[in-house]
Every structure is written in C-alpha cells, then in structure tokens.
Amino acid sequence: MRHVLSIMVANNAGVLGRIVGLFSRRAYSIDSLSVGSSEDQRFTRITVSVQCDEMVLEQIIKQVAKLVDVQEVMELKPESAIYRELCLVKVEATATARPDIFNVATVFRANIIDVSTKTITMELTGDFNKINAFIELMKPYGVLEVVRTGLTAISRGATKI
C-alpha cells in the first residue's frame, strides 16, 4: 500500500542525507521524494512516498521522528490531503498529429510550453493516475522524453504540519 509522509525538518546541511540514509539502512524503498522550502525559512518540507504495510509505516514514522533535525512527521492520507506531481512530456508532432495532440492536452489541462517543427513539449500537473493516463495517450504519437518531479502533498483544510 502506498503511503505519503510529510516531514518538516530544520533547514540544516545533511538532514536530507540522514533521512534517506535511514530509509536505505532499513531497506525501505522510497517511491518518490520531493524537497522544498516551507513557509518558514528555518524549515524545509520533505514529501516521501513509500510502499509498505501499516506496521512498517509505524516503524518508519517513529524512526524518522527520532532524528535530531526532524520537527514533525505526518502521514497524508488520500481522503484528507491533496497530492500533485509536475510532469514535462515531449512528443513527436507531425503536422497531421498536432491537432490531436492539442486536443488531448486540452482535455487534461496540459500547458503547451514549447513547439518546434518536430516536437511539442507539454507541462501537466495532477495526481499519479492522471499523469500516467496522459502519458499512455501520448505514446502513439511517440513520447521522446518524460520528466516527473515526484509527489508533493499538503493536508486539506485547516490541518497543518
């Protein structure tokens, strides 16, 4: 089962390495990792997606929470959080295929960010399933490159870490 953790850490050198090292030493596999500034310059927010059962998740949360620079760890469950990922997709675009590519991009609310004589590059945000569906629909046109940021998430409503 996939679980998403939001980890607030002190903005100190080496913190990310210690967190990733903890996962690595215990053979926990990270599916996705996203790191960025928070609303407070003293802290960085790390979003980690892992595949594990509930017992392993409890262990991960306890072990991460023990690290010195970790301020808080919170699981973001799908029903009470917003998950997003950014994806850039470059496809081959013949003159005849362009209208169809533009139509699919419109349906998925993808932004066309670059057009050349042979390619179209699009930017798409959404959850894991939306992005996978979009890539699948682009495959017949010839997907040349895909770059994904990894999952980022935030709790819904007034709840905050």
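Here, every reference points to the structure presented above.
Rules of the game
- Residues numbered from 1 in each chain as written.
- Predicted model: local features only at pLDDT ≥ 70, side-chain atom pairs only at ≥ 80, totals over all residues.
- Heavy atoms only, no water.
- Helix = DSSP H or I, 4+ residues; strand = E, 2+ residues; numbered from the N terminus.
- Buried < 20%, exposed > 50% of the residue type's maximum accessible area, 1.4 Å probe, protein only.
- Contact = heavy atoms within 4.5 Å.
- Areas by Shrake-Rupley, 256 points an atom, 1.4 Å probe, with all protein chains shown as cover.
- Expected span 1.5 Å × (residues − 1).
- Arc of directions from axis to C-beta.
- Polar contact = N/O pair within 3.5 Å; in protein donor to acceptor, adjacent residues only side chain to side chain.
- Pairing = 2+ DSSP bridges.
- Axes fitted to C-alpha atoms, helices over the stretch in contact; angles between N-to-C directions.
- Salt bridge = Lys/Arg side-chain N within 4 Å of Asp/Glu carboxyl O.
- Patch = residues over 30% accessible without salt bridge, like charges linked within 9 Å, V, L, I, M, F, W, Y side chains within 5 Å.

A. Examining the overall build of the protein chain more closely. In terms of regular secondary structure, the protein chain is built from four helices and nine strands. In the protein chain, the order of α-helices and β-strands from amino to carboxyl end is β-α-β-β-α-β-β-α-β-β-α-β-β. Once the C-alpha set of the protein chain is aligned to its principal axes, its extents read approximately 60 × 35 × 30 Å. Counting only residues that meet the buried cut, the protein chain has 40% of its 161 residues in that class. Considering only contacts in the protein chain between residues 6 or more positions apart, those separated by 24 or more positions represent 70%. Counting every atom, the protein chain has about 9,400 Å² of accessible surface; 54% of that belongs to carbon and sulfur.

B. Helix 2 (residues 54-66), seen in detail. Over its 13 residues, helix 2 extends 19 Å from the first C-alpha to the last, a length consistent with the 18 Å expected when each residue adds 1.5 Å. Of all the positions in helix 2, only L57, I60, Q63 and V64 are classed as buried. Burial along helix 2 is one-sided: seen end-on, the buried residues are contained in an arc of 135 degrees. Across from the buried face of helix 2, at angles greater than 90 degrees, the exposed residues are M55 and K66. Residues of helix 2 that are buried make contact with strand 1 (2-10), helix 1 (15-25), strand 3 (43-51) and strand 4 (70-75). At the N-terminal boundary of helix 2, the capping side chain belongs to D53, with an oxygen 3.1 Å from the backbone nitrogen of M55.

C. The arrangement of the side chain of T121 in detail. Inspection of the secondary structure assignment puts T121 in strand 7 (residues 119-126). Contacts of T121, omitting those with residues within four sequence positions, involve V89, K90, N111, I112, I113 and D114.

D. Representation of the sheet that holds strand 1 within the structure. Judged by pairing direction, the sheet is antiparallel, and its four strands sit side by side in the order 2-3-1-4 without closing on themselves. Both edges of this open sheet fall to strand 2 (30-37) and strand 4, since each of them pairs with a single strand only. Adjacent strand axes in the sheet meet at a mean angle of 15 degrees, parallel and antiparallel pairs treated alike. Judged from the five bridges that link them, strand 1 and strand 4 form a sheet pairing that is antiparallel. Paired with L5 across the bridge in strand 4 is E75.

E. Representation of the pattern of salt bridges in the model. The tally for this structure, following the rule as stated, stands at six salt bridges. With a closest N to O distance of 2.6 Å, R18 and D69 form a salt bridge. Taken together, the residues span a long stretch of sequence, with R18 in helix 1 and D69 in the loop between helix 2 and strand 4 at a distance of 51 residues. A residue is classified by how much of its surface remains accessible, and R18, at 40% relative accessible area, is partly exposed. For D69, a relative accessible area of 14% corresponds to the buried category. Salt-bridge contacts for D40 lead to R42; the nearest nitrogen and oxygen are separated by 2.6 Å. According to the relative accessible area criterion, R42 is exposed, its value standing at 56%.

F. A look at a nonpolar patch on the surface. Taken together, L16, V20, L33 and V35 make up a surface patch of nonpolar side chains, about 260 Å² in accessible area. Those elements that provide at least two residues to the nonpolar patch are helix 1 and strand 2. Mapped onto the secondary structure, V20 falls in helix 1. Its relative accessible area of 32% is what places V20 among the partly exposed residues.

Everything listed here is a matter of geometry and, on its own, says nothing about what the molecule does.
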